[in-house]
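One-letter residues, chain by chain:
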Amino acid sequence: MHMKHIKLHSSSLKTNIRSMIVNELGDKEELFEKNITYHNHFVTIYVYEEYFFRINSTLSVTVIVEQGENGLIVDLISSGAKIGLGDLTYGAEKAALKPLVEKLVEFGFEIDE
């Protein structure tokens, strides 16, 4: 399985990340959302899946947003999007995360290395 993972953080708790995710990934019917609270942290998990005709494969994007005392942490994970015996991806897993990363950086998030 091909997977791409990017982690970002922001000290701001006021970012409306949900609307940005919905705008970038798809409408409410295509987007799974689950909210969890533990140890004074609020976690939201978003899962989006889409079939791409040009690569004849499905791409999944998972976004995990953790809100704690020190701000927000966002994990972006894309997986799937491979085709054939050589597991060609045509860069789809990276391309799926690019608009999300750009928007989050625009909102003030920093990419963790």
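Keep in mind it's a predicted model, so treat the numbers as computed, not measured.

Asks: Even after reading the chapter, I still don't get the overall build of the protein, so can you show me in this structure?
Replies: Each helix and strand counted, the protein has two helices and six strands in total. Along its sequence from the N terminus, the protein presents helices and strands in the succession β-α-β-β-β-β-α-β. Within the protein, the proportion of its 113 residues that are buried is 37%. In the protein, the share of contacts with a sequence separation of at least 24, taken over all contacts with a separation of at least 6, comes to 54%. Total accessible area computed for the protein in this model is approximately 7,100 Å², and 51% of it derives from carbon and sulfur atoms.

Asks: It is not clear to me how the confidence of the model for the protein should be interpreted in this structure. Could you clarify?
Replies: Interpretation of this model should avoid reading the predicted coordinates in detail wherever pLDDT is low. When the pLDDT values of the protein are averaged, the result is 78; 75% of them are 70 or greater. Here strand β1 (residues 3-10) stands out as the element of the protein with the lowest mean pLDDT, 75, in contrast to strand β2 (residues 31-38), whose mean of 89 is the highest.

Asks: Please clarify how the pairing of strand β5 (residues 71-80) should be interpreted in this entry.
Replies: The element β5 is largely enclosed, with a buried count of eight among its 10 residues. Note: strand β4 (residues 57-68) against β5, 10 bridges, orientation antiparallel. Following the sheet pairing, glutamate 66 is matched in β5 by isoleucine 73. As consecutive antiparallel partners, β4 and β5 are separated by two residues.

Asks: What exactly am I supposed to notice about the pattern of salt bridges here?
Replies: In a structure, side chains of opposite charge can pair up when their charged atoms sit close to one another. Using the criterion set out here, one finds two salt bridges in the structure. Glutamate 106 is paired through a salt bridge with lysine 103; the nearest N and O atoms lie 3.8 Å apart. Note that glutamate 106 and lysine 103 are positioned in helix α2 (residues 92-106) at a spacing of three residues, about one turn of the helix. Classification of glutamate 106 by relative accessible area gives exposed; the value is 59%. A residue is classified by how much of its surface remains accessible, and lysine 103, at 27% relative accessible area, is partly exposed.

Asks: Looking at this model, I keep getting lost on the side chain of threonine 44. Mind explaining?
Replies: Examined against the element boundaries, threonine 44 turns out to sit in strand β3 (residues 41-52). According to the relative accessible area criterion, threonine 44 is buried, its value standing at 6%. Of note is the side chain of threonine 44, whose polar atom sits 2.7 Å from the side chain of asparagine 35.

Asks: What am I meant to see in the pairing of β4 here?
Replies: Strand residues, when the strand is regular, have side chains that alternate between the two faces of the sheet. Sheet analysis places β3 next to β4, joined by 11 bridges and oriented antiparallel. The residue bridging tyrosine 48 from the neighbouring strand is valine 61, located in β4.

So, how was this worked out
Residues numbered from 1 in each chain as written. Predicted model: local features only at pLDDT ≥ 70, side-chain atom pairs only at ≥ 80, totals over all residues. Heavy atoms only, no water. Helix = DSSP H or I, 4+ residues; strand = E, 2+ residues; numbered from the N terminus. Buried < 20%, exposed > 50% of the residue type's maximum accessible area, 1.4 Å probe, protein only. Contact = heavy atoms within 4.5 Å. Areas by Shrake-Rupley, 256 points an atom, 1.4 Å probe, with all protein chains shown as cover. pLDDT = per-residue confidence, 0-100. Pairing = 2+ DSSP bridges. Salt bridge = Lys/Arg side-chain N within 4 Å of Asp/Glu carboxyl O. Polar contact = N/O pair within 3.5 Å; in protein donor to acceptor, adjacent residues only side chain to side chain.

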